[in-house]
Amino acid sequence: MPHSDPDHPSTKRLKLHGAQKHTPSLKKGSAIFAPFRTIGLVSPTSVPFASIPLGKTTFQVTTSVGRALQTYDLKRGLNLVFVTRPQTPADITATYAWKERIYAAWGDARNGEPQGIWAFQRGRKVAELQLPSDLDQPIRQILIFGSWIVACALTRVEVWKSDSLEHYTTIFSSAAQQGANELTGGVCNMPTFLNKIFVGRADGWVEIWNVSTGKLIYTILPPSPDYGSVTCMEPTPALSLLAISYSAGPLVIQNVLTDKPVLRVNAGTEEAPVTTISFRSDGRGAGQDGRKDGVMATATSLGGDVTFWDLNKGGRVMGVLRSAHNPPSNTGPAVRGGISKIEFLPGQPVIMTSGLDNSLKSWIFDESPFSPVPRILHMRSGHAAPVSCLQFLPSDFDGAESGNKWLLSAGKDRSLWGWSLRRDGQSTELSQGSIRKKAKKIGILAAGSLGHGPTTTLDDLKAPEITCIASSLNRDGGMGAMPGKQMVWDKGNDKTRPSNAEVSATTGWESVVTAHKDDPWARTWFWGRKKAGRWAFKTGDGENVSTVSISQCGTFALVGSVGGSIDVYNMQSGRHKQRFPSRLTPAQLRLVKLQQLKTLDKVNQLQTRSRTSFTPGTGRHTAAVTGLVIDPLNQTVISCSLDGKIKFWDFVTGNLIDEINWAPMAKITGCRYHPGNDLIAFSCDDHCVRVVDIETRHTIRELWGCRDDINDFTFSNDGRWIVAASQDSVIRVWDLPTSHLIDAFRLERPCTALAFSASGEYLAGATDGDLGVHIWTNRTMFRHVPTRQISEKEIAAVANPTASGEGGEGILEAAFEEDVPEEDDTVSAPVVDQLSRDMMTLSLVPKSRWQTLLHIDLIKQRNKPKEAPKAPEKAPFFLPSVGTNPLGKDLEVAKDPTDEARSRITMLDRSRAEQLFTKKLLAGRSSGNYDDFIEHLKSLSPSTADLELRSLSMGESDDEEESNELLHFIRALTSRLVARRDYELTQAWMTVFLRLHFDLVMNSPALLRELARWREHEAREKERLDALVGYCGGVVGFLRSPRT
């Protein structure tokens, strides 16, 4: 413990101001988990992306993910290069890329949020624009041209100087009837129109303003009052031509100089007007051979298609890129869709599209052979709907790192994703086959399918929404699994299924099984090939699948249904292997009847009372199966159901072995298994998590605390914790050995799915309504967390991890953050030195310490240097020697002449007299209590204790009892024997003492008398201990004897 006033230089930086006293009520977050980041977000908002050329080689595209911006490099395949920090205080509403900077507007004063415009460069904030104090409208669009920065709000336009970032003026739209002056079409500028902006209004007018003078120059009226409001404006490559789309559907290309329409097409409908327009600028793409200029692309936020127009000869539709993005779902806002922006890259045959389905795509036009519709070039996307279930991939063998790298997630958008926690560009969606080819066969993507409407979707060709995931990589063959073209989810008869056992045994087979909503088929997936598997497994009773599981060897898949059936399939061949309970043959049925007759005998009835037996072929669940587990040895299958029963089945015979019945007390909604400790946990509808030991089949823990339904729960990697997420938005952590609730934190919305990584580094969670997956790091990888019980009052509300990682902590940062002292409400157990005076106790000193003391001479001899230390080599002449005076002068230290007359032995005795060791020994002689001396001796290192024992002296005074340290040392050891404490230390110290001072003891009668007294107590204790050990050994031998 450091002294308050040290007399030597401190080797560490001292904390001058102590931390304030921390109380549980001031808890600000989780004690175990630290927020890290959010993955899976690409373009989840309606804010259009911003693109800018980077030299002559590539383009950078920036999207909004809420309160941060993500920048992708097109040349690198849309790899993520920057994520902006710090986060904006509110959601971003508009973005614009200009030169090396990205400008972002954020906030909405109508919701009480602050507002602002920040400028970012290479992911860092570099500037901020000052907004007018009277601005109470959100900024919808930013435009930068020349020396002006223009921001468009609902009914006003703000102007800044681009060089000084000073606010210049505010332009208010012309007064009109209520709502007519709203700027629905945004703002744009045109080449050669100096200081001019074009503003689209809700009444269909397009106003031309001079931002330098702040005056209205001209107003372009719509061709007809029925056209509605302006929805979008875009300047064409031809000078003085402006494309204007209206809410009623028509799109007009207007000559601004003459105020006359040049071209008019019906690009949209009243239900789905055009909201984004772009023109191709590389001079190709139109005409029959694609060598003419004049290509326009249009899209709507209410659909997922992109329409391409040839503007030559009056304009015509060249082609329709069907389902470029998912359209809005007809069932509700759960599945997002629609196109937010399309843009042709300048001078390139490439078009960028972003959608509300959380995706960013680049498409390229082929020149030979010419195609009016582009093909996909690059794509970055994520879930288009909230995530429904999560699972970390297990390790394929001991020591593999895949269990900590890959995270599987399934969403309500019918997709299955694999997320890489190390490199964002490796994340990918598992393919479900050639969806677009299937769509072409049925006519969805045909040229004449324009009459189907703008919301044609490909989602109907995908598998239904995934509700459960099971995986095992022990049989996964990686990229080489089952080479060649394979069938996808074959639903044929089991007997006719083709299977090549030799190929699959060499290369491996599927490793993932999924259950789907309102569907009787479970489906397999190749993880290594990132694609759909060969088999689709049907439930035995034809009801919908409720849960799936996979054996740890990766060979067998278990499928449970809402009707209560359980079936086992072979993953290699896809054939049915077993059902629970098994179907009896006629011979087995006759044998069962004979056994039933035998039970009528009284003798057999007495024998069967002691054990529970189940008739083969019986025991089927009467409600939906909610969980399936197979043990690592493929011997026992455990199932749970909404009927409140847990059943143990024999894997080979399919017969019921044992059963635990919690009905009608609770219904079981899910189960999780940890093979390391052989425990299985069950979540119940009474908001309790119950833990069962598979070996004894008894309930060992009941974990209460959830205030609402349990959405998901999981074991920690070492099986010590259970982490549960409930509908009350709280994630709770229980410690299994103590049954204590050791941590809990409240999120903004309920957590719907949880997963714990195999290495214990990460906890993944999905919250209700969010498209991304939140990642927390585990602080206990490098820190100790107390397992004290916490109360509901200590649960604090925390924010979700962010996409930028701001405010998050990596594993090392979370481990080495400053510890905040907290009050410990636990009741500490009283410290008892000795339970009973009749017991001989040992010390708590490590065994290695007193054993080293016994052999200290041998250790010193072994560690003795073999050679004398050598003098260091002389340094070069221009370097001063260490320890010399830098001034080159030798200063002599004045010496006291009396010091030379002093004896070195006298000085040593005088210093020894003041040592703590001697003081405590003599203090024990005066008081008769040597406890302090013994505790001090126990705290010494072996070398220090050996030196102190060697330094004991006989004394020089006539009164030998006063100064004889050897005598008092023997009395101290004797008192320890009388107290029956520190038995092994007393023996070790006496051995060393006699070895060092044997000659002095033999010549002193007083020492011999005291040593005889010590010997008497030692012999008495030795005989007593021998008798007790012999008695205990006899009792143990009697209990272990097979005769007893």
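Residues numbered from 1 in each chain as written. Predicted model: local features only at pLDDT ≥ 70, side-chain atom pairs only at ≥ 80, totals over all residues. Heavy atoms only, no water.

Participant: Explain the overall build of the protein chain to me, and be specific about the residues and the numbers.
Facilitator: A tally of regular secondary structure across the protein chain gives 17 helices and 57 strands. Put simply, the protein chain has 1044 residues, and 48% of those count as buried. Looking at the protein chain alone, contacts between residues at least 24 apart form 54% of all its contacts between residues at least 6 apart. (Helix = DSSP H or I, 4+ residues; strand = E, 2+ residues; numbered from the N terminus. Buried < 20%, exposed > 50% of the residue type's maximum accessible area, 1.4 Å probe, protein only. Contact = heavy atoms within 4.5 Å.)

Participant: Account for helix 15 (residues 965–978), naming residues and giving values.
Facilitator: With 14 residues, helix 15 should reach 20 Å at 1.5 Å per residue; the first-to-last C-alpha distance of 20 Å fits that figure. With 11 of 14 residues buried, helix 15 lies mostly within the body of the structure. For helix 15, the complete set of buried residues consists of Glu965, Leu966, Leu967, His968, Phe969, Ile970, Ala972, Leu973, Thr974, Arg976 and Leu977. The residue sitting at the N-terminus of helix 15 and contributing the capping side-chain oxygen is Asn964; that oxygen lies 3.2 Å from the backbone nitrogen of Leu966. In the stretch just after helix 15, Arg980 is the one whose phi turns positive, near 60°. (Expected span 1.5 Å × (residues − 1). Polar contact = N/O pair within 3.5 Å; in protein donor to acceptor, adjacent residues only side chain to side chain.)

Participant: Give me the lowdown on the packing of helix 15 against helix 17 (residues 1005–1040), citing residues and values where you can.
Facilitator: At a minimum axis separation of 10 Å, helix 15 and helix 17 run at an interaxial angle of 15°. Between helix 15 and helix 17, the interaxial angle falls into the category roughly parallel. You can see that helix 15 and helix 17 cross each other, and the crossing is left-handed. Two secondary-structure elements touch here, helix 15 through Leu966, Leu967, Ile970, Arg971, Leu973, Thr974, Leu977 and Val978 and helix 17 through Ala1006, Leu1007, Glu1010, Leu1011, Arg1013, Trp1014, His1017, Glu1018 and Glu1021. (Axes fitted to C-alpha atoms, helices over the stretch in contact; angles between N-to-C directions. Parallel < 35°, antiparallel > 145°, perpendicular 65-115°, else oblique. Left-handed = near helix turned anticlockwise from the far one by under 90°.)

Participant: Tell me about the pairing of strand 48 (residues 689–693), and name the residues and values.
Facilitator: Of all 5 residues in strand 48, 5 are buried, a share of seventy percent or more. Residues Val689, Val691 and Asp693 of strand 48 are buried on one face, and the alternating residues Arg690 and Val692, pointing to the opposite face, are buried as well. Across 5 bridges, strand 47 (residues 679–684) lies against strand 48 in antiparallel orientation. Looking at the pairing, Ser683 lines up with Val689 of strand 48. Counted between consecutive antiparallel strands, the loop separating strand 47 from strand 48 contains 4 residues, among which His687 sits at a positive phi close to 65°. As judged from the 5 bridges shared by strand 48 and strand 49 (residues 698–703), these two strands associate in the antiparallel manner. Counterpart to Val691 in the pairing with strand 49 is Arg701. (Pairing = 2+ DSSP bridges.)

Participant: Any chance you could break down the pairing of strand 27 (residues 350–355) for me, citing the residues and the numbers?
Facilitator: Counting buried positions along strand 27 gives 6 out of 6 residues, so the element sits mostly inside the fold. Residue alternation in strand 27 divides its side chains into two sets, Val350, Met352 and Ser354 and Ile351, Thr353 and Gly355, and both sets are buried. In this sheet, strand 27 lies alongside strand 26 (residues 339–344) in antiparallel orientation, the contact comprising 5 bridges. Paired with Ile339 across the bridge in strand 27 is Gly355.

Participant: Would you mind going over the sheet that holds strand 14 (residues 186–188) in detail, with residue names and values included?
Facilitator: Sheets are built from strands paired through backbone hydrogen bonds, the pairs being either parallel or antiparallel. Taken together, the 4 strands give an open sheet; going across it, the order is 14-15-16-17, and neighbouring strands pair in antiparallel fashion. Both outer strands of the open sheet, strand 14 and strand 17 (215–220), are each paired with one neighbouring strand and no more. On average, each strand axis in the sheet is inclined to that of its neighbour by 25°, with strand direction left out of account. In this structure, strand 15 (residues 196–200) lies alongside strand 16 (residues 206–210), joined through 5 bridges in antiparallel fashion. Looking across to strand 16, one finds that Gly200 is bridged to Val206.

Participant: A description of the sheet that holds strand 43 (residues 636–641) should follow, citing residues and the corresponding values.
Facilitator: Spatially, 42-43-44-45 is the arrangement adopted by the 4 strands of the open sheet, whose pairing is antiparallel. One side of each edge strand has no neighbouring strand; the edge strands of this open sheet are strand 42 (625–630) and strand 45 (656–661). Each strand axis lies, on average, 15° off the axis of its neighbour in the sheet, ignoring direction. In this structure, strand 43 lies alongside strand 44 (residues 645–650), joined through 5 bridges in antiparallel fashion. Residue Cys640 lies in a different strand from strand 44, and its bridge partner there is Ile646.

Participant: Break down a nonpolar patch on the surface for me, with residues and values.
Facilitator: A cluster of nonpolar side chains, contributed by Tyr1031, Val1035, Phe1038 and Leu1039, occupies part of the molecular surface with about 460 Å² of accessible area. By the element assignment, Phe1038 lies in helix 17. Residue classification places Phe1038 among the exposed positions, given a relative accessible area of 51%. (Patch = residues over 30% accessible without salt bridge, like charges linked within 9 Å, V, L, I, M, F, W, Y side chains within 5 Å. Areas by Shrake-Rupley, 256 points an atom, 1.4 Å probe, with all protein chains shown as cover. Salt bridge = Lys/Arg side-chain N within 4 Å of Asp/Glu carboxyl O.)

Participant: Before we move on, can you summarise the pattern of salt bridges with the specific residues and values?
Facilitator: One pass over the full model with this rule turns up 45 salt bridges. The salt bridge involving Arg76 is made with Asp73; its shortest N-O contact spans 3.9 Å. Of the residues examined, Arg76 reaches a relative accessible area of 55% and is grouped as exposed. Linking Arg697 and Asp658 is a salt bridge whose minimum nitrogen-to-oxygen distance equals 3.7 Å. Of the two residues, Arg697 sits in the loop between strand 48 and strand 49 while Asp658 sits in strand 45, which places them 39 residues apart along the sequence. Since its relative accessible area comes to 24%, Arg697 is described here as partly exposed.

Participant: Outline the environment of Tyr168, listing residues and values.
Facilitator: Position of Tyr168 among the secondary structure elements: in strand 13 (residues 167–172). Linking Tyr168 and Val150, residues 18 residues apart in sequence, is a C-alpha distance of 9.9 Å. When near neighbours in sequence (up to four residues on either side) are disregarded, Tyr168 contacts Trp148, Val159, Trp160, Lys161, Val211 and Ser212.

Participant: Please set out the nonpolar core residue by residue, giving values where relevant.
Facilitator: Ranked by size, the top nonpolar core spans 33 residues in total, and within it Phe933, Leu937, Leu952, Phe969, Trp989, Phe993 and Trp1014 carry the most contacts. Sequence-distant contacts of Phe969, defined by excluding residues within four places in its chain, comprise Leu921, Phe933, Leu937, Leu949, Leu952, Trp989 and Phe993. (Core = buried A, V, L, I, M, F, W, Y, C linked by side-chain atoms within 4.5 Å.)

Participant: How would you explain the environment of Gly200 if you had to name every residue and give the values?
Facilitator: With respect to the element layout, Gly200 can be found in strand 15. Residues Gly200 and Thr184, spaced 16 residues apart in sequence, show a C-alpha to C-alpha distance of 6.1 Å. If we skip the residues at most four places from it in the chain, Gly200 touches Glu182, Leu183, Thr184, Gly185, Gly186, Trp205, Val230 and Met233.

Participant: Outline the environment of Pro372, supporting the account with residue identities and numerical values.
Facilitator: With respect to the helices and strands, the residue Pro372 is situated in the loop between strand 28 (359–364) and strand 29 (375–381). When its relative accessible area of 25% is taken as the criterion, Pro372 is described as partly exposed. The sequence separation of Pro372 and Val317 amounts to 55 residues, and the corresponding C-alpha distance is 9.7 Å. If we skip the residues at most four places from it in the chain, Pro372 touches Phe308, Met318 and Phe365.

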